[in-house]
Amino acid sequence: MARAPQNSSSGLQALIAPVGRLSGDGQLRELIKERHAHSSPSDAGIWYLPEAWSEGVFGVAGREAVVVQDPNVATWLQLRFGVAPQPLSLEPEWLNRNAGGLPPAAAPVALD
């Protein structure tokens, strides 16, 4: 796993939570897909870090993260998921190369 270069002025914010809290219901996946549809993935300003990457970047096991550039998106995510954003010193270029994937799809819900 590539080590993330640090950047003190990136303006990025990360929301870090136990695995499944951010990605469990599929809303984060849909948000990222929508933002990618309206701009290129490298310009969307939102990246998902699954547990393996999150552990390498933040040094904590059992966590997933979403990284955003737009403070308004960070606020919406905080309200939606109850996770406070924190400043993150990473290079967006590193995120574009290493964190461009989507969160896992939500598990199907039984309708009976």
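Cut-off values and rules
- Residues numbered from 1 in each chain as written.
- Predicted model: local features only at pLDDT ≥ 70, side-chain atom pairs only at ≥ 80, totals over all residues.
- Heavy atoms only, no water.
- Pairing = 2+ DSSP bridges.
- Helix = DSSP H or I, 4+ residues; strand = E, 2+ residues; numbered from the N terminus.
- Axes fitted to C-alpha atoms, helices over the stretch in contact; angles between N-to-C directions.
- Contact = heavy atoms within 4.5 Å.
- Core = buried A, V, L, I, M, F, W, Y, C linked by side-chain atoms within 4.5 Å.
- Buried < 20%, exposed > 50% of the residue type's maximum accessible area, 1.4 Å probe, protein only.

Draft legend 1. Here's a closer look at the sheet that holds strand β3 (residues 63-68). Strand order across the open sheet formed by four strands is β2-β3-β1-β4, with antiparallel pairing between neighbours. Strands at the two margins of the open sheet, each flanked by one partner only, are β2 (46-49) and β4 (86-88). When the angles between neighbouring strand axes are averaged without regard to direction, this sheet yields 30°. Note that strand β1 (residues 12-18) and β3 share six bridges and pair antiparallel. By the bridge assignment for β3, I16 is matched with A65. Along the sheet, helix α1 (residues 27-38) makes contact with β2 and β3, crossing β2 at roughly 140°. Together, β1, β2, β3 and β4 form the strand contacts of helix α2 (residues 51-58), whose direction differs from that of β3 by roughly 75°.

Draft legend 2. How the structure looks around the nonpolar core. In terms of nonpolar packing, the biggest core is built from 16 residues, with L22, L28, I46, V66, V68 and L77 touching the most fellow members. Those elements that place two or more of their residues in this core are β1, α1, β2, β3 and α3 (71-81). Looking at which element gives the most residues to this core, the answer is α3, with four residues. Excluding anything up to four places from it in sequence, V68 contacts G11, L12, Q13, G45, I46, V73, A74 and L77. Judged by nonpolar contacts, the second largest core, of twelve residues, contains L12, V57, L90 and L95.

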